[in-house]
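Per-entry structural report
Here is how the chains run, residue by residue.
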Amino acid sequence: MTDERGAVNDGPDGNRQRLQKVLAAAGVASRRVVEEYILQGRIEVNGEVVTELGTRVDPDTDLVSVDGVAVQLDTAKRYYLLNKPVGVVSSMRDEQGRPDLRQFTDELEERVYNVGRLDAETSGLLVLTNDGELAHVLAHPSFGVEKTYIAKVRGRVTPQTLQQLKNGIVLDDGPIKADRARILQTQGDSRYSMVQLTLHSGKNRIVRRMLAAVGHPVVELVRRQFGPLHLGTLRVGELREMTKTERGLLLTIAREAQAARGESQAGEEH
């Protein structure tokens, strides 16, 4: 049973549970604190603010947020960050017998999968999860989730070259451009430069191909950021579970992207 705003109220059927119980189980806060959040109007269910302590939700279908940040109600979902080392392929089982991601996930109770890929020569931030819907939004370029890379390249990169990357270049598989680009450091002998590129393309080896196309082959490449997630102090080869804040930021992006795409598709139909 739902009210006219779409929020879920008390009902005798289904998997509906009291909102404060569900959010406490999700690690948001204690039931008493969640009750205060409800009364303060800080919680939304399916996009509508709820202020009734008797509100019930179905953790399998209802979308809940606190202070505008999405909450994952399914406690079986897991989210991890890995600082992938060079030499490891982004696969849960490599058919050629190369080092793969199993060395980091074999001890986990849940079976998880990598979101997108980093080539074997690239290190840095990789997301592992068993949340298929979130993985789709993060990996598909149509949702526009940005990734930021730091590259050590050959030669002295000029501001003109960066502008060329931002304006767009044409590769064998079509046009591509960087969302942002900047020079971090230039060596005195002009042999190498450090540059930072941000883009949302998911094409294979795209950063390496873009930089090679403008005359600056990549020597070393690391992904430092994936959407709102930062590599931070995570050491090479280290795996950790995302914090509650990180999960919330990711889920919020995923829900907003899916909602925007749904509105766009609805507009096209009309």
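Everything numeric in this text was worked out from a predicted model, so none of it was measured.

The final tally for this structure, using the stated rule, is 13 salt bridges. The salt bridge involving Asp67 is made with Arg42; its shortest N-O contact spans 2.6 Å. Of this pair, Asp67 sits in the loop between β5 (64-66) and β6 (69-71) while Arg42 sits in the loop between α2 (31-39) and β2 (43-45), placing them 25 residues apart in sequence. Overall, Asp67 belongs to the partly exposed group, its relative accessible area being 47%. Look at Arg42 and you get partly exposed, because its relative accessible area is 29%. Among the charged side chains, a network of salt bridges with common partners joins Asp119, Glu121, Arg205 and Arg208.

We now examine the confidence of the model for the protein chain. Averaged over every residue, the pLDDT of the protein chain is 88; the share at 70 or more is 90%. Low pLDDT (under 50) marks residues 1-12, which in the prediction has 28 contacts with non-local residues, meaning those over four places away or in another chain.

Glancing now at the sheet that holds β2. Taken in spatial order, the 4 strands make up an open sheet running β3-β2-β5-β6, and their pairing is antiparallel. Two strands lie at the open edges of the sheet, namely β3 (48-49) and β6, each paired on one side alone. In terms of strand pairing, β2 meets β5 through 3 bridges, oriented antiparallel. Its bridge partner lying in β5, Val45 is registered against Val64.

Our focus in this paragraph is the side chain of Asn83. Here Asn83 shows up in strand β7 (residues 79-84). On the basis of relative accessible area, Asn83 is assigned to the buried category, the value being 4%. Looking at Asn83, its side chain comes within polar contact range of the main-chain oxygen of Leu234, at 2.8 Å. Each residue touching Asn83, except ones within four places of it in the same chain, is listed here: Gly124, Leu231, Leu234, Arg235, Val236, Gly237 and Glu238.

What follows concerns the pairing of strand β9 (residues 123-129). Here is the key point about a regular strand: its side chains alternate between the two faces of the sheet. Most of β9 sits inside the fold, with 7 of its 7 residues counted as buried. Two strands pair when backbone bridges link them, and β7 and β9 are joined in this way by 6 bridges, in the antiparallel orientation. Within β9, the residue paired with Lys84 across the bridge is Gly124. Of the pairings in the sheet, the one linking strand β8 (residues 113-115) to β9 comprises 3 bridges and is antiparallel in character. Across the sheet, residue Val115 finds its bridge partner in β9, namely Val127.

Moving on, we come to helix α5 (residues 159-167). Among all positions of α5, only Thr161, Leu162 and Leu165 are buried. All buried residues of α5 lie within an arc of 100° about the axis, which places them on one face of the element. More than 90 degrees from the buried face of α5, the exposed residues found are Pro159, Gln160 and Asn167. Where α5 terminates, the next one or two residues include Gly168, which has phi positive at roughly 120°.

Conventions adopted
- Residues numbered from 1 in each chain as written.
- Predicted model: local features only at pLDDT ≥ 70, side-chain atom pairs only at ≥ 80, totals over all residues.
- Heavy atoms only, no water.
- Salt bridge = Lys/Arg side-chain N within 4 Å of Asp/Glu carboxyl O.
- Helix = DSSP H or I, 4+ residues; strand = E, 2+ residues; numbered from the N terminus.
- Buried < 20%, exposed > 50% of the residue type's maximum accessible area, 1.4 Å probe, protein only.
- pLDDT = per-residue confidence, 0-100.
- Contact = heavy atoms within 4.5 Å.
- Pairing = 2+ DSSP bridges.
- Polar contact = N/O pair within 3.5 Å; in protein donor to acceptor, adjacent residues only side chain to side chain.
- Arc of directions from axis to C-beta.

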